[in-house]
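One-letter residues, chain by chain:
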Amino acid sequence: MNSDNDLSQRLLWEKRPHPHHIGLVLGGGAARGMAHIGVLEALEVHGVRPDFIVGASAGALVGGLYAAGLSTTRMRALAHQLKWWDVSGWPMSISWSTLVALTAPLGILDLDRLSDWIRKTLDADPHFHELQIPFAAIATDIATGQSLMLNDGPIAPAIRASCSVPGIFTPVRRNGRLLVDGGASNNLPVSAVQQMGADYVIAVDLLPAMTSPPVEPKNVVEVSITALYALIRAAQVDMPLAHCVIQPEIGHIGLSDLAAVEELISAGYQATIAQMPEILVALGRALKPKQTNFSESDELG
């Protein structure tokens, strides 16, 4: 039996039908996730609204907030205020007895504050079925390596699980599984958003090729995150399935650098604007004039 891809190669359209359902896949990248805000701003400028969103790690956080109805203007303001201690903290104190018993925390930092921060930000505790845009967050079963698409129950704990960088943040126990960062198994889960119903997929990759000179990690958190994402970069198996891949020029920005807010948002915006003619042609839409460059007049926040 021929696959769908084989069938599409044998069909010759006089005028190929335009896609009807847009899927947006937001990849992980720790602090670089703020670039996703600029991507969303650029899509909004041209009236491109995703019908489905799937996110990994930081992409799950931005995607989940957007799916819940949080504006990009509000996201921009929050990004300027965000500090690591707003969303994470030290796990339980470690004593000699816990070390001997091998019951020490499974991460340097605890990420439970993130769930509370999401609820406070949204002034609610929304469930997946209540979202304005269908959304799923990817997590990884650390015991089996399987990818899990989380799309049931409240979104806050699901996003928290997706953001749990192994070794840095404590994992999440959910339905009998121990879950960590979704990027560890599939940082750009394009196939997932296709299964949700998307027939045109825009994927945002925050892990570009290494810069020259390379950016060296500055602390133990960046060492662990950089090592993990080096492996992830080499195994983004779903990336070729996307119709459009947006890659902001942010390889020189550290993975834990929350101070580079404007640069990250601007880079996401610029990279999306550069791809907009291709996106709009594929969707059968016209390019809006005077909206090709990021400037102060373009800012939504």
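Residues numbered from 1 in each chain as written. Predicted model: local features only at pLDDT ≥ 70, side-chain atom pairs only at ≥ 80, totals over all residues. Heavy atoms only, no water.

## Re the overall build of the protein
The secondary structure content of the protein amounts to twelve helices and ten strands. Burial analysis of the protein (301 residues in total) assigns 51% to the buried set. By sequence separation, contacts in the protein at least 24 residues apart represent 77% of the contacts at least 6 residues apart. Only carbon and sulfur atoms are counted for the fraction: they give 56% of the accessible area of the protein, which is about 14500 Å². (Helix = DSSP H or I, 4+ residues; strand = E, 2+ residues; numbered from the N terminus. Buried < 20%, exposed > 50% of the residue type's maximum accessible area, 1.4 Å probe, protein only. Contact = heavy atoms within 4.5 Å. Areas by Shrake-Rupley, 256 points an atom, 1.4 Å probe, with all protein chains shown as cover.)

## Topic: helix H12 (residues 261-283)
For H12, built from 23 residues, the straight-helix expectation of 33 Å at 1.5 Å per residue is met to within 8% by its first-to-last C-alpha distance of 30 Å. Where H12 bends most, at methionine 276, the angle is about 45°, and the proline proline 277 comes one to four residues later. Looking one or two residues past H12, glycine 284 carries a phi angle of roughly 75°, positive in sign. (Expected span 1.5 Å × (residues − 1). Bend = angle between axes of the 7 residues up to and from the residue.)

## Examining empty space enclosed by the protein
Taken as a whole and judged by the stated rule, the model has one cavity of 30 Å³ or more. A volume near 420 Å³ is recorded for the largest cavity. As for the largest cavity, its lining consists of 26 residues, and the residues nearest its centre are Ala30, Ala58, Leu61, Leu82 and Leu258. Looking at the lining of the largest cavity, the elements that each hand over two or more residues are helix H3 (58-67), helix H4 (72-81), helix H5 (84-87), helix H7 (112-122) and helix H11 (220-233). Classifying every residue of the lining of the largest cavity by side-chain character gives 23 nonpolar, two polar and one charged. (1 Å grid on protein atoms, 1.4 Å probe; cavity = no way out; pocket = protein on both sides within 12 Å on 5 of 7 lines; lining within 4 Å. Points joined across faces, edges and corners; volume = space filled by probe spheres on them. Nonpolar A, V, L, I, M, F, W, Y, C, P; charged D, E, K, R; others polar.)

## Re the packing of helix H2 (residues 35-45) against H3
Their axes nearest at 10 Å, the elements H2 and H3 cross at an angle of 40°. Put simply, H2 runs oblique to H3. When you trace H2 past H3, the crossing you get is right-handed. Every residue of H3 that contacts H2 at His36, Leu40 and Glu44 is listed here: Ala58, Gly59, Val62 and Tyr66. Class assignment of the residues belonging to the contact of H2 with H3 gives a composition of four nonpolar, two polar and one charged. (Axes fitted to C-alpha atoms, helices over the stretch in contact; angles between N-to-C directions. Parallel < 35°, antiparallel > 145°, perpendicular 65-115°, else oblique. Left-handed = near helix turned anticlockwise from the far one by under 90°.)

## Examining the pairing of strand E4 (residues 135-141)
With seven of its seven residues buried, E4 lies for the most part within the structure. Sheet analysis places strand E2 (residues 52-56) next to E4, joined by four bridges and oriented parallel. Looking at E4, one finds that alanine 56 is bridged to isoleucine 138. As judged from the four bridges shared by E4 and strand E5 (residues 147-150), these two strands associate in the antiparallel manner. Residue pairing for E5: threonine 140 is matched across the bridge by serine 147. In textbook terms, the turn of a hairpin is the stretch between consecutive antiparallel strands, and for E4 and E5 this stretch comprises five residues, one of which, glycine 145, has a positive phi near 80°. Pairing of E4 with strand E8 (residues 177-181), which is carried by three bridges, proceeds in the antiparallel orientation. Bridging across to E8, aspartate 141 finds its partner in leucine 179. (Pairing = 2+ DSSP bridges.)

## Details of the environment of histidine 20
Counting through the fold element by element, histidine 20 comes out in the loop between helix H1 (4-10) and strand E1 (22-26). The exposure class of histidine 20 is exposed, given its relative accessible area of 63%. Along the primary structure histidine 20 and glycine 284 are separated by 264 residues, whereas in three dimensions their C-alpha atoms are 9.9 Å apart. Excluding anything up to four places from it in sequence, histidine 20 contacts Asp51 and Asp199.

## Notes on the confidence of the model for the protein
When pLDDT is averaged along the protein, the result is 84; 82% of the residues meet or exceed 70. Put simply, helix H6 (residues 96-100) is where the protein has its lowest mean pLDDT, 44, and E1 is where it has its highest, 98. Across residues 92-103 the pLDDT falls below 50, and counting only partners more than four positions away or on other chains, this stretch makes eight contacts in the model. Here residues 291-301 is modelled with pLDDT under 50, and outside its nearest four sequence neighbours on either side it reaches 25 contacts, counting other chains as well. (pLDDT = per-residue confidence, 0-100.)

## Some remarks on unusual backbone geometry
At aspartate 123, a position not held by glycine, the phi torsion is positive, near 55°. As for its position among the elements, aspartate 123 is in the loop between H7 and E4. Accessibility expressed as a relative area gives 72% for aspartate 123, which makes it exposed. The residue asparagine 175 is not glycine, and still its phi comes out positive at about 50°. Following the sequence through the fold, asparagine 175 ends up in the loop between strand E7 (172-174) and E8.

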